[in-house]
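Observations on the three-dimensional arrangement
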Amino acid sequence: MIHIQDVPENHLKSQMSRHKELQPLIKIHDLQGNIKIYYHLLTDLGWVNSVRINLPSVKRRAETLGTKRTVKKQWQAAWLLRAITCIDLTTLSGDDTNANVQRLCHKAARPVRHDIIKALGMEDAGITCGAVCVYPSRVAGAVKALEKIGADIPVAAVATGFPSGQYALKSRVEEIEMAVANGAKEIDIVINREMALTGNWEGLYEELKQMHKACGDSHMKAILAVGDLGSMNNVYKASLVAMMAGADFIKTSTGKEGVNATLPVGVVMCRAIREYYERTGRRVGFKPAGGIRAAKDALVWLVLIKEELGDAWLNNHMFRIGASGLLADVERQLFHYVYGRYAAVSELPMA
């Protein structure tokens, strides 16, 4: 890949004339709003096809994260507050209504009881969740609810035939366009698992390029559905292809597969992100999702990010956790830190 950033138009034209093998220009808006420009080689699949994962080594690395790393007391409280800011607070149920989406938006804007925030000395920190994640049909209602309460929180929409992706490409792209038109700032798309399982990486790349184009100025998170990919080799390869096609984030799962966000998968995807950054200079975010319900699990994922990717990824521009039930336990642990006891169910607003 050739990375060209902040260059004049005439220089771009000269680059295109010198590099006939380059595909059309891709403009990528990063999560800070900066425009970065990238070219990708159409026929260079050598990097993807050369991937080989040492599974025993991956498992050993993952095992150390949950057993040899820990934070306690005030440092744990600080890390839990950071975790809150990285949560994509999610509702993806068949019985979603405007009422429960509005409630979700209020919780995302005020994720922790005020007295707890005050006791922690964080009244002026502006602690909110990273985003609200809903189905495309609920985007407009979520945007309206957040505007009404004055919360500057992006709305993310799952799209492209979530969770299976088993729809025609035309309808998947149209679903992205509808969500963007309704105000979604982030689009969580699902990849075509058949193409990954059959090794049709170029076909997957072309599909993802079309999805990225449909996202426009909205950020694209590519859901790999790792539980459906069959091997860690495929997880790494799908990660690379998604990033090459312009994904701003790669995401583990829809939450609907048998295997979702596991630490070995996290290690593999973070290593792919790191290698991609080292080769191209472009940072891509990471989002584990599915099965992350306990505060201690969120801490382990933060440790993984810090150790595998570094502090530059320890923020909600580069790291998110997709969860519906995690916030309740995080708030419960913060209540315990402040008051020295665990809250009764009636003492905490429902997340």
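Here, the structure is the one placed above.
Small disclaimer: the values here were computed from a predicted structure and weren't measured. (Residues numbered from 1 in each chain as written. Predicted model: local features only at pLDDT ≥ 70, side-chain atom pairs only at ≥ 80, totals over all residues. Heavy atoms only, no water.)

All right, on to helix 12 (residues 263–280) then. If you check helix 12, its first and last C-alpha atoms are 25 Å apart, about what 18 residues at 1.5 Å a residue would give, namely 26 Å. Those residues of helix 12 not exposed but buried are Leu-263, Val-265, Gly-266, Val-267, Val-268, Met-269, Cys-270, Ala-272, Ile-273, Tyr-276 and Thr-280. Just beyond helix 12, the residue with positive phi is Gly-281, at close to 85°. (Helix = DSSP H or I, 4+ residues; strand = E, 2+ residues; numbered from the N terminus. Expected span 1.5 Å × (residues − 1). Buried < 20%, exposed > 50% of the residue type's maximum accessible area, 1.4 Å probe, protein only.)

On to the side chain of Gln-333. Considering the arrangement of structural elements, one finds Gln-333 in helix 14 (residues 326–339). With near-sequence residues (within four places) excluded, Gln-333 lies in contact with Leu-80, Ala-295 and Tyr-342. (Contact = heavy atoms within 4.5 Å.)

Here the focus is the packing of aromatic side chains. Per the stated rule, a full pass over the model turns up five aromatic pairs. Taking the centre distance of 6.2 Å and the plane angle of 10° together, the rings of Trp-47 and Tyr-276 count as stacked. A residue pair is termed long-range when its members are at least 10 positions apart, and Trp-47 in helix 2 (residues 46–49) and Tyr-276 in helix 12 qualify at 229 residues. Take Tyr-276: its relative accessible area is 0%, and that puts it in the buried class. Aromatic pair Phe-286 and Trp-301: ring centres 6.0 Å apart, planes at 45°, arrangement tilted. Pair noted here: Phe-286 is in strand 10 (residues 285–287) and Trp-301 is in helix 13 (residues 295–308), with a separation of 15 residues, a long-range link. The exposure class of Phe-286 is buried, given its relative accessible area of 0%. When the ring centre of Trp-47 is taken as origin, the NZ or CZ atom of Arg-279, which lies over that ring, is 4.1 Å away. Seen from the ring of Tyr-342, Arg-332 lies directly overhead, with NZ or CZ sitting 4.3 Å from the centre. (Phe/Tyr/Trp six-rings, centres within 6.5 Å; stacked < 30°, edge-to-face > 60°. Lys NZ or Arg CZ within 6 Å of the ring centre and 35° of its normal.)

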